Amino acid sequence: MFLRDVTGRTRRNEERRAEEAVSRVLAETERGEDLIAPIMAALGENLRWVHGGFWEYDERRGVLCSDRVWRAPDLDAPELDRMVREDFVFGPEDPNPRFSLWTGAWSSREVRWAPVSQEGPEGRLAREAGIRHAIAIPVQSGERMLGLLVFASRRGEPPQEERLQALRSIADLIGQVVERRNAELEAERMKNDFFALVSHELRTPLTSIVGYLDIVREEEAGEINDEQRRFLGVIDRNARRLQRLVGDLLFVAQVEAGTLALKSGEFDLGEVAGNAVDAARPRAEKQGVELRSDADSVTMVGDGDRLGQLVDNLVSNAIKFTPANGAVTVRLRGDGEEATLEVSDTGMGISSEDQAHLFNRFYRTDDAEKLAIPGIGLGLSICKAIVDGHGGSIAIESEEGAGTTFRVRLPVGGAPPGNGQPAGNGVRQVARR
Amino acid sequence: MSEIGERPLVLVADDDEDVRELIAFRLRRAGCEVITVADGESALQAARESTPVLVVLDVMMPKLTGVEVTRALREDDPTREIAIILLTASVEEEDMQRGFEAGADEYLRKPFAPRELGEVVEALIRDRTSARSRRA
């Protein structure tokens, strides 16, 4: 008989292989993908089982039901598949003896086995498939029961303690990974909730503030006097500041979650830079800073809005950190392959220590804090994410007391394929509609 | 939006009353006749009953989302040609693509500039009314 040939050693090998295969599945399966199906295959194939099902606990209905079936490649048993899927639905305390293996494993939370009856209609299916006994493996995450893996074996003799022990440790391993993944999903869900909160709960009221303000300022709801107009201007400026801040927070959260999408279209970066400089001119004048622009026309492929935001952030920063009578210069050149954008200032400069952390989120230099220069330390981390998303680079040259130059290099043909995947830097490219 | 002719009918659906009234105020000023509703189901019903030239739909609305209303309007012959603007507070590119796939003509993100809304509305109405008069 072939059973005699299966020595203790090959048995132990089977268990070791099964454990390795399950570990591999746990390590290689992407987050959010189904773990159970590959685990069933890993166990079934290595432990030479013929048929198996995963009975998931449906908390709402309070029943165990199987929607996943695994069977050995040489077994053709559609009737058995159907029975497992459709007929074997029961509660964890079902008194029906045909479910005693399941309910026993469930209530004891232990790996259990039982011979499979060869009598009656179910027995006929077992006989046809050559099934002799079955093993039930509870899968739990912490204290919570998730379900039961139940496999059928063609071997006549009962499973040895060694095998049951191996299955216990495999079940523990699965439980740990499932628990960790549930925690990750929970964190993901909270992140999404945060998104919804920031997007909806902050942006909707801003819509009303900015919208009604506009109606009043345009005197569509009656005349206003000069002082009222000036005060409304203050409200407007601050509402827009809030709007920018909400936009920045959302941007960073999107980069973090890997859901930020960059558009891809053709545009003139020189024009984009020119617009950003024009928009910054009133601020520069107010602060007594000379703003110079020396931008060539450079056609490139990318997200023009985001690159506008990049130039805007760099120029705003330069103005903020440059004292009166200083100058900020924006320079743009292209060589057909690469666009080089430089934003230089004659400001206070950045120490090499600060330079190392400058692109970190919420990082503020000591000088920025001391001089109470407004900001929350998101601008440059946003710049870095935009540049990365375009497959470019950003570098800084600075001398304390003399000034700073930010140099951005961008491929004009767009980001190379494979760049900007969520795994890399959390930015994706999408085709422009 | 001075060029919009003979008070075109516009439906505005948003569960935020302030935003709804803001849009309605703007559109009435621009010469439109405006109906307002606060949820997706009422929007669908109102659109079927009165066949406006244009509907402005918030995406996140109770009962039916703006995207679901868009899809339903595009499925029925009498409402198929209505111009649809979706409004959303979401910044996700995918949400925008879903909106266009459902059949929206334009998509505006909150907070939108009042001028931006005005321009989009004007262009869509002009487009639809000239198409209607051509058919007539």
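Residues numbered from 1 in each chain as written. Chains lettered and ligands numbered in written order. Predicted model: local features only at pLDDT ≥ 70, side-chain atom pairs only at ≥ 80, totals over all residues. Heavy atoms only, no water.

A. Examining the overall build of chain A more closely. Secondary structure summary: chain A contains 14 helices and 13 strands in total. For chain A, the proportion of its 433 residues judged to be buried stands at 46%. Across chain A, every contact between residues at least 6 apart in sequence was considered, and the portion connecting residues at least 24 apart equals 66%. With the model as given, the accessible surface of chain A reaches about 22,300 Å², and the carbon-plus-sulfur share is 49%. (Helix = DSSP H or I, 4+ residues; strand = E, 2+ residues; numbered from the N terminus. Buried < 20%, exposed > 50% of the residue type's maximum accessible area, 1.4 Å probe, protein only. Contact = heavy atoms within 4.5 Å. Areas by Shrake-Rupley, 256 points an atom, 1.4 Å probe, with all protein chains shown as cover.)

B. Just the overall build of chain B, in detail. Counting secondary structure elements, chain B contains five helices and five strands. Starting at the N terminus and ending at the C terminus, chain B contains elements arranged as β-α-β-α-β-α-β-α-β-α. The buried share of chain B, reckoned over its 136 residues, is 55%. Partitioning the contacts of chain B with sequence separation of at least 6, the portion at a separation of at least 24 is 60%. Only carbon and sulfur atoms are counted for the fraction: they give 44% of the accessible area of chain B, which is about 6,300 Å².

C. Focus on the interface of chain A and chain B. With 24 residues of chain A in contact, the opposing surface of chain B contributes 24 residues. Counting each side, the surface lost to burial between chain A and chain B is near 2,200 Å², with a carbon and sulfur contribution of 55%. Considering only the side of chain A, the residues that lose the most area to chain B are R203, T207 and E220 of chain A, jointly responsible for 26% of the buried surface there. Where E218 of chain A meets R26 of chain B, a salt bridge forms, and the shortest distance between an N and an O atom there is 3.9 Å. Looking at the side of chain A that touches chain B, the elements with two or more residues in it are α7 (161-217), α8 (226-257), β6 (260-268) and β13 (427-431) of chain A. With 12 residues, the single largest contributor to the side of chain A that touches chain B is α7 of chain A. Considered class by class, the residues forming the side of chain A that touches chain B number eight nonpolar, nine polar and seven charged. (Buried area = accessible area lost by both parts, 1.4 Å probe. Salt bridge = Lys/Arg side-chain N within 4 Å of Asp/Glu carboxyl O. Nonpolar A, V, L, I, M, F, W, Y, C, P; charged D, E, K, R; others polar.)

D. Spatial organisation of the sheet that holds strand β1 (residues 51-58) of chain A. Residue and element names in this part refer to chain A. Pairing is antiparallel across the open sheet formed by five strands, whose spatial order is β2-β1-β5-β4-β3. Pairing within the sheet leaves two strands with one partner each, and these edge strands are β2 (63-71) and β3 (112-115). Taking each pair of neighbouring strands and ignoring which way they run, the sheet shows an average axis angle of 20 degrees. Of the pairings in the sheet, the one linking β3 to strand β4 (residues 133-141) comprises four bridges and is antiparallel in character. Note that in β4 the partner of P115 across the bridge is H133. (Pairing = 2+ DSSP bridges. Axes fitted to C-alpha atoms, helices over the stretch in contact; angles between N-to-C directions.)

E. The confidence of the model for chain A, seen in detail. For chain A, mean pLDDT is 84; residues scoring 70 or higher make up 91% of the total. The low-confidence segment residues 420-425 of chain A (pLDDT under 50) makes 12 contacts with residues lying over four places distant or belonging to another chain. (pLDDT = per-residue confidence, 0-100.)

F. Here's a closer look at the pattern of salt bridges. What the rule picks out here adds up to 40 salt bridges over all chains. The partner of R61 of chain A in a salt bridge is D58 of chain A, with the nearest N and O atoms 3.4 Å apart. In this structure, the salt-bridge partner of D14 of chain B is K110 of chain B, at a minimum N-O distance of 3.1 Å. Taken together, the residues span a long stretch of sequence, with D14 of chain B in the loop between β1 (9-13) and α1 (17-29) and K110 of chain B in the loop between β5 (106-109) and α5 (114-135) at a distance of 96 residues.

G. Summary view of the side chain of D354 of chain A. Among the structural elements, D354 of chain A can be located in helix α11 (residues 352-357). Once you skip the residues sitting within four places of it in the chain, D354 of chain A turns out to touch Y363, T365 and D366 of chain A.

H. Geometry of unusual backbone geometry. Residue P111 of chain B is bonded to the preceding K110 of chain B through a cis peptide linkage, with omega at -5 degrees. Positionally, P111 of chain B belongs in the loop between β5 and α5. A positive phi angle is found at R109 of chain A, which is not glycine, with a value near 55 degrees. With respect to the helices and strands, the residue R109 of chain A is situated in the loop between α5 (100-108) and β3. What makes R109 of chain A partly exposed here is its relative accessible area of 34%.

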